[in-house]
Amino acid sequence: FKVVAALLKAWPDAVKEKAESSFEYIFEERQWVPYWDTPLQMACSCRASFEITSLVLNTWLSFKENRTKSAIMTLQRVTADCTGDVKDLISHLFALCNNNADNPSPSEIMDYFVQIELWNGVTLNVNWNPAVIKTMGLDTKAMADSLSAVGRCYSLTTMLEVIRNEQDLLEGV
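The rules we used
Residues numbered from 1 in each chain as written. Predicted model: local features only at pLDDT ≥ 70, side-chain atom pairs only at ≥ 80, totals over all residues. Heavy atoms only, no water. Helix = DSSP H or I, 4+ residues; strand = E, 2+ residues; numbered from the N terminus. Buried < 20%, exposed > 50% of the residue type's maximum accessible area, 1.4 Å probe, protein only. Contact = heavy atoms within 4.5 Å. Areas by Shrake-Rupley, 256 points an atom, 1.4 Å probe, with all protein chains shown as cover. Axes fitted to C-alpha atoms, helices over the stretch in contact; angles between N-to-C directions. Parallel < 35°, antiparallel > 145°, perpendicular 65-115°, else oblique. Left-handed = near helix turned anticlockwise from the far one by under 90°. Nonpolar A, V, L, I, M, F, W, Y, C, P; charged D, E, K, R; others polar. Arc of directions from axis to C-beta.

Caption draft 1: Structural view of the overall build of the chain. Broken down by element type, the chain carries nine helices and two strands. The helix and strand sequence of the chain, counted from the amino end, reads α-β-β-α-α-α-α-α-α-α-α. Of all 173 residues assigned to the chain, the portion counted as buried reaches 37%. Considering only residue pairs separated by 6 or more positions, the chain has 54% of its internal contacts joining residues 24 or more positions apart. Of the roughly 10300 Å² of accessible surface on the chain, a fraction of 55% belongs to carbon and sulfur atoms.

Quick look at the structure:
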């Protein structure tokens, strides 16, 4: 774990690198083509520990291009090989991508991400579901401080939605 953490701290862009890991048959083209895996996909496929996978996932989510539904859904291919706790982690991420009634709510996803300290998952959830901030039960002063600290992670639209939902933040301005 410490080695992976040190590598990601020194070179966070490593999560975007791809390595040829297998071949898959493309029916339309009638040929086998190489499939390129990211370190996150490899961590899932190789049944890496929860600690390593969540660390790599948190770093992966720090890049804007990976914070889209289509990018997140690319992980579906490798979830079958994951350990149970990693499957649970990834399923919470997938739950953000679709509104299935069987999925955990944005509030439950927020609690889970906070509990495991997946901070880029927390910011992703707030970006996609700004009203979830109200469910956190933060004191208005604490909420203002936390939004100030992490505001750079949220889009302007998200920040405006949060403020609209929590008008006490503007008191005294």
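Now that the structure has been shown, the text picks up again.
Caption draft 2: Main features of the packing of helix H3 (residues 50-60) against helix H5 (residues 84-97). It is the contact of H3 with H5, at a shortest axis distance of 9 Å, that shows an interaxial angle of 25°. Classified by the angle between their axes, H3 and H5 sit roughly parallel to one another. H3 and H5 meet at a crossing whose hand is right-handed. Taken together, the residues of H5 that come into contact with H3 (itself represented by Phe50, Thr53, Ser54 and Leu57) are Asp85, Val86, Leu89, Ile90 and Leu93. Residues of the contact of H3 with H5, tallied by class, amount to six nonpolar, two polar and one charged.

Caption draft 3: Representation of the environment of asparagine 98 in the model. Relative to the elements of secondary structure, asparagine 98 occurs in the loop between H5 and helix H6 (106-116). Spatially, the C-alpha atom of asparagine 98 lies 8.8 Å from that of lysine 69, the residues being 29 residues apart in sequence.

Caption draft 4: Looking closely at the environment of glycine 121. Position of glycine 121 relative to the elements: it lies in helix H7 (residues 119-128). Judged by its relative accessible area of 0%, glycine 121 is buried. Not counting chain neighbours up to four residues away, the residues in contact with glycine 121 comprise Asn58, Leu61 and Phe113.

Caption draft 5: Quick peek at H6. Along H6, the residues that are buried comprise Ile109, Met110, Tyr112 and Phe113. Viewed along the axis of H6, the buried residues span an arc of 165°, placing them on a single side of the element. Of the surrounding elements, those touching the buried residues of H6 are H3, H5 and H7. Where H6 ends, the next residue or the one after it, glutamate 117, has phi of about 60°, a positive value.

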